[in-house]
Amino acid sequence: MNDIHNILFNAHILFSIALGVWSVTMAVRNQPISGNFWGSLATITILAAAITLVGVIMTLMGLRPPRIVTYYLYMSWLVVIMPGLFTMLRGRDDRNAAIAFAILCFFNATTSFSMLQREVVGPWMLPGA
């Protein structure tokens, strides 16, 4: 189960970086945000929800690290923030919105990377611990 969790987290990191690069490209070209990008934002939100679900299952199985409150706070951030930014921008699709999504995507990638590093390095991951 831990391997599935780590694979999904790595996918979230890579997908966040890809969406950030896509947003920067749209902003540099001064293109409006396309429907494909909106679909990708929905996909990354669903991916974050799936990671949270796997985390809940791992918690119920007793496989979660001691920093469980921090984990769920960060995961709730990752699930809520993309639709939240869309709502705050009221569906705008201009250059400034693309820049805002790029910043948020790169921030989410660093947040996910930070969480994954804390999870992998912890002593609960050592054999026989």
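The structure presented is a predicted model; accordingly, all values stated were derived computationally and were not measured. (Residues numbered from 1 in each chain as written. Predicted model: local features only at pLDDT ≥ 70, side-chain atom pairs only at ≥ 80, totals over all residues. Heavy atoms only, no water.)

## As for the overall build of the chain
Working step 1: For the chain, the count of helices and strands is four helices and zero strands.
Working step 2: Each helix and strand of the chain, placed in order from N terminus to C terminus, yields the pattern α-α-α-α.
Working step 3: For the chain, buried positions account for 37% of its 129 residues.
Working step 4: Residue pairs in contact within the chain that sit at least 24 positions apart in sequence constitute 74% of those at least 6 positions apart.
Working step 5: For the chain, the accessible area works out to roughly 7,200 Å², and carbon and sulfur atoms hold 70% of it. (Helix = DSSP H or I, 4+ residues; strand = E, 2+ residues; numbered from the N terminus. Buried < 20%, exposed > 50% of the residue type's maximum accessible area, 1.4 Å probe, protein only. Contact = heavy atoms within 4.5 Å. Areas by Shrake-Rupley, 256 points an atom, 1.4 Å probe, with all protein chains shown as cover.)

## A look at the environment of proline 83
Working step 1: Topologically, proline 83 is positioned in helix α3 (residues 68–88).
Working step 2: For proline 83 and leucine 41, which are 42 residues apart along the polypeptide, the C-alpha to C-alpha distance reads 7.9 Å.

## Some points on helix α1 (residues 2–28)
Working step 1: Helix length check: α1 (27 residues) gives 39 Å between terminal C-alpha atoms against 39 Å at 1.5 Å per residue, within 8%.
Working step 2: One or two residues past the end of α1 sits asparagine 30, with phi positive at roughly 60°. (Expected span 1.5 Å × (residues − 1).)

## Some thoughts on unusual backbone geometry
Working step 1: With a phi close to 60°, asparagine 30 is a non-glycine residue in the positive phi region.
Working step 2: A positive phi angle is found at arginine 90, which is not glycine, with a value near 55°.
Working step 3: Relative to the assigned elements, arginine 90 resides in the loop between α3 and α4 (95–121).
Working step 4: A residue is classified by how much of its surface remains accessible, and arginine 90, at 77% relative accessible area, is exposed.

## Structural notes on the packing of α1 against helix α2 (residues 35–60)
Working step 1: In contact at an axis separation of 10 Å, α1 and α2 are set at 160° when each is read in the N-to-C sense. Taken together, the axes of α1 and α2 lie roughly antiparallel to each other. Note that α1 runs across α2; the crossing there is left-handed.
Working step 2: Considered class by class, the residues forming the contact of α1 with α2 number 17 nonpolar, nine polar and no charged. (Axes fitted to C-alpha atoms, helices over the stretch in contact; angles between N-to-C directions. Parallel < 35°, antiparallel > 145°, perpendicular 65-115°, else oblique. Left-handed = near helix turned anticlockwise from the far one by under 90°. Nonpolar A, V, L, I, M, F, W, Y, C, P; charged D, E, K, R; others polar.)

## Things to note about the nonpolar core
Working step 1: Core analysis: the largest hydrophobic core is formed by 16 residues, its most contacted members being Leu19, Ile33, Phe37, Leu41, Met82 and Phe101.
Working step 2: Secondary structure elements with two or more residues in this core: α1, α2, α3 and α4.
Working step 3: The dominant element in this core, judged by the number of residues it contributes, is α4, at five residues.
Working step 4: In contact with phenylalanine 101, not counting residues within four places along its chain, are Ser23, Ile33, Phe37, Trp38, Leu41, Met82, Leu85, Phe86 and Leu89.
Working step 5: Core analysis: the next-biggest nonpolar cluster, separate from the first, contains ten residues, Phe9, Ile13, Ile51 and Met115 among them. (Core = buried A, V, L, I, M, F, W, Y, C linked by side-chain atoms within 4.5 Å.)

## Comments concerning the confidence of the model for the chain
Working step 1: With 88% of its residues at a pLDDT of 70 or more, the chain shows a mean pLDDT of 86.
Working step 2: Confidence drops under pLDDT 50 across residues 120–124; counting only partners more than four residues distant or on other chains, this segment forms nine contacts. (pLDDT = per-residue confidence, 0-100.)

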